[in-house]
Each structure stands twice: as structure tokens, then as C-alpha cells.
Amino acid sequence: MKRRILVVDDEPSISMLIEFNLKLAGYDVQCVYDGEAVFHVLSSFRPDLVVLDLMLPKMDGLEVCRRLRSEGNMVPVIMLTALQELPDKIAGLDNGADDYMTKPFSPQELLSRIQAILRRTAALPSLQTDEAISHGALVVKPEQREASLDGQRIDLTPKEFDLLLFLLKHRGKVLSRQQLLHGVWDYHFLGDTRIVDVHISHLRDKIESNPRNPEYIVTIRNVGYKLSEAAGKEAASNG
């Protein structure tokens, strides 16, 4: 069965360009042209991924993303934005987008990112295990895609969960931003590593008692990040 992509952009020329390239690559594509229309087609079309413009009539892309996540819909979202400033891009990630691209963009790069996200989504069941993974006060259950800290459930986005699970599986190992892009986002090209930094920041806000002085996710200057073995041992001994 063809994978289904919902394209949401009010510029017909861009929608047609994306639709043409995605259909050429073998995807089933549906286009809508405002934010409210997304929720009119979700039940009938059931997309595997949404390409979502930020600036839309009736309901902007950030609100669409917020509403999807608040309703428990975790369909992967790639946000398109004509805004060049980093805070505008981060806003999309803050509201549940998995990735962003800045206009103008290469249709080939968009296709590569879509393929990467869908590969990652398809691979998740084979990577899961029935056994919980513990790291001190942190407990992750891959099968249920749940995480808890000191017995309290942590509300994570799908990508935050994937990132935490990847760090846990490589605990104590220093991981470069590019390695994290490869491992979590499945990007096998030079991607924008600020995506990694934003998601690390979000994770720290949720699992660290003091995100500015993290104990779990440690920054290794000029290299990347690692999940500290010491934090796990300390939390375990305190327990």
C-alpha cells in the first residue's frame, strides 16, 4: 500500500511542485490549502506524514500542530516556513513538529527528509522490546512508548521519546550531533544540527531538576552530548 502524504500549503505553485515530486516517488498525496481543512480530511485520508506550511489562512501551522498533538494524533509533521529566524523555526518544534525546512527548498531534500522520517517510523516496532530500560530514576518502556522519572510519567513528544531511548541505548557514550541526526532522525546527509539542540533542551526541561546544570544529559563541548552514567548510578544508590 502506498504511503500517504498530506500537503498543507496555500500557495498552489508550491503544493503542485510537492505533489508532483511525491507522486513521482510513489506516494499517495492529497493537498489542502488552509489549516482548518486538515481536520476535515484526517479521518478519510489518514496520512502517514503531513507537510505543513507555517503561514496558513483560517488556522496557522503552529495551531494545527498544537491541535493534532492535543488530540493525541502523533502523525509526523514537517513544517515549512519562509521565516529565516531561528526562534520561528524553534516554535514549530516546540509545538510538536518533527522537522522544519525553510523556503525556498529543494524538492529532493524534502523527499529525502520524508523518506527518513517514514523509515524511522516503520523501524520502530522492530527496535522495541518488552523490557523496560532503567537509568537511575529514569524508566523507559519502549513497547508502550512511555517514560517516567521517580515514578511520575513524563509527557514526551514522539521525537523526544526516540531521542531519550537512543541516548539510553548508548549511555555513557559521547554522541555527536551528526550521530544523533543519523540515529534518531535517520538523516544520512548534513542536516541542521540545531534540531538536535532544541530537542535536547526540551528533554532537559522534562527530566532535569536543574536544566541549566544537567545531571543526566551532559554537553561535551565541541563534540555533542552523552547520557551520564554517573547520574544513573547516583540515583540508583539513593533509591
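Scroll up a little and you will see the structure.
Residues numbered from 1 in each chain as written. Predicted model: local features only at pLDDT ≥ 70, side-chain atom pairs only at ≥ 80, totals over all residues. Heavy atoms only, no water.

A. Local environment of the overall build of the protein. When you go through the protein residue by residue, the secondary structure sums to 9 helices and 12 strands. Counting only contacts in the protein whose residues sit at least 6 apart along the sequence, the fraction spanning at least 24 positions is 56%. (Helix = DSSP H or I, 4+ residues; strand = E, 2+ residues; numbered from the N terminus. Contact = heavy atoms within 4.5 Å.)

B. Just unusual backbone geometry, in detail. Going from Lys103 to Pro104, the amide bond is cis rather than trans, its omega being -10 degrees. For Pro104, the position within the fold is in the loop between β5 (99-102) and α5 (107-127). Non-glycine residue Lys58 carries a positive phi angle of around 70 degrees. Locating Lys58 in the fold gives a position in the loop between β3 (49-53) and α3 (61-70). Taking the relative accessible area as the measure of exposure, Lys58 reaches 64% and is therefore exposed. Residues other than glycine seldom take positive phi values, yet Asn222 does so here, at roughly 65 degrees. (Buried < 20%, exposed > 50% of the residue type's maximum accessible area, 1.4 Å probe, protein only.)

C. How the structure looks around the packing of helix α2 (residues 35-45) against α3. Here α2 crosses α3 at 35 degrees, and the two axes come no closer than 9 Å. Relative to α3, the crossing made by α2 is right-handed. Mapping the contact onto sequence places Gly35, Val38, Phe39 and Leu42 in α2 and Val64, Arg67 and Leu68 in α3. (Axes fitted to C-alpha atoms, helices over the stretch in contact; angles between N-to-C directions. Left-handed = near helix turned anticlockwise from the far one by under 90°.)

D. The pattern of salt bridges, seen in detail. Scanning the entire structure with this criterion turns up 16 salt bridges. For the salt bridge of Lys58 with Asp34, the shortest nitrogen-to-oxygen distance reads 4.0 Å. Placement of the pair is Lys58 in the loop between β3 and α3 and Asp34 in the loop between β2 (28-32) and α2, with a sequence separation of 24 residues. For Asp34, a relative accessible area of 15% puts it in the buried group. Put simply, Lys206 and Glu160 hold a salt bridge, and the shortest N to O gap is 2.6 Å. Of this pair, Lys206 sits in helix α8 (residues 194-207) while Glu160 sits in helix α6 (residues 158-169); the two residues are 46 residues apart in sequence, bridging distant segments of the chain. Given a relative accessible area of 3%, Glu160 falls into the buried group. One connected set of salt bridges, linked through shared partners, spans Asp9, Glu11, Asp53 and Lys103. (Salt bridge = Lys/Arg side-chain N within 4 Å of Asp/Glu carboxyl O.)

E. A look at the pairing of β3. Within β3, 5 of the 5 residues are buried, which leaves it mostly tucked inside the rest of the structure. Where burial is concerned, the two faces of β3 agree: the one with Leu49, Val51 and Asp53 and the one with Val50 and Leu52 are both buried. Both β3 and strand β4 (residues 77-81) contribute to a ladder of 4 bridges, which runs parallel. Residue pairing for β4: Val50 is matched across the bridge by Val77. Following the backbone out of β3, through α3 and into the adjacent parallel β4, one traces a crossover that is right-handed. (Pairing = 2+ DSSP bridges. Right-handed = clockwise from strand over helix to strand, strands pointing away.)

F. Spatial organisation of the sheet that holds β4. Spatial strand order, β2-β1-β3-β4-β5: 5 strands in an open sheet with parallel pairing. Of all strands in the sheet, those bounded by a partner on one side alone are β2 and β5. Each adjacent strand pair in this sheet contributes to an overall mean axis angle of 20 degrees, direction not counted. Set on the sheet, helix α1 (residues 12-24) makes contact with β1 (4-8), β2, β3 and β4; between it and β2 the angle comes to about 170 degrees. Contacts from α3 reach β3 and β4 within the one sheet, and its direction differs from that of β4 by about 165 degrees.

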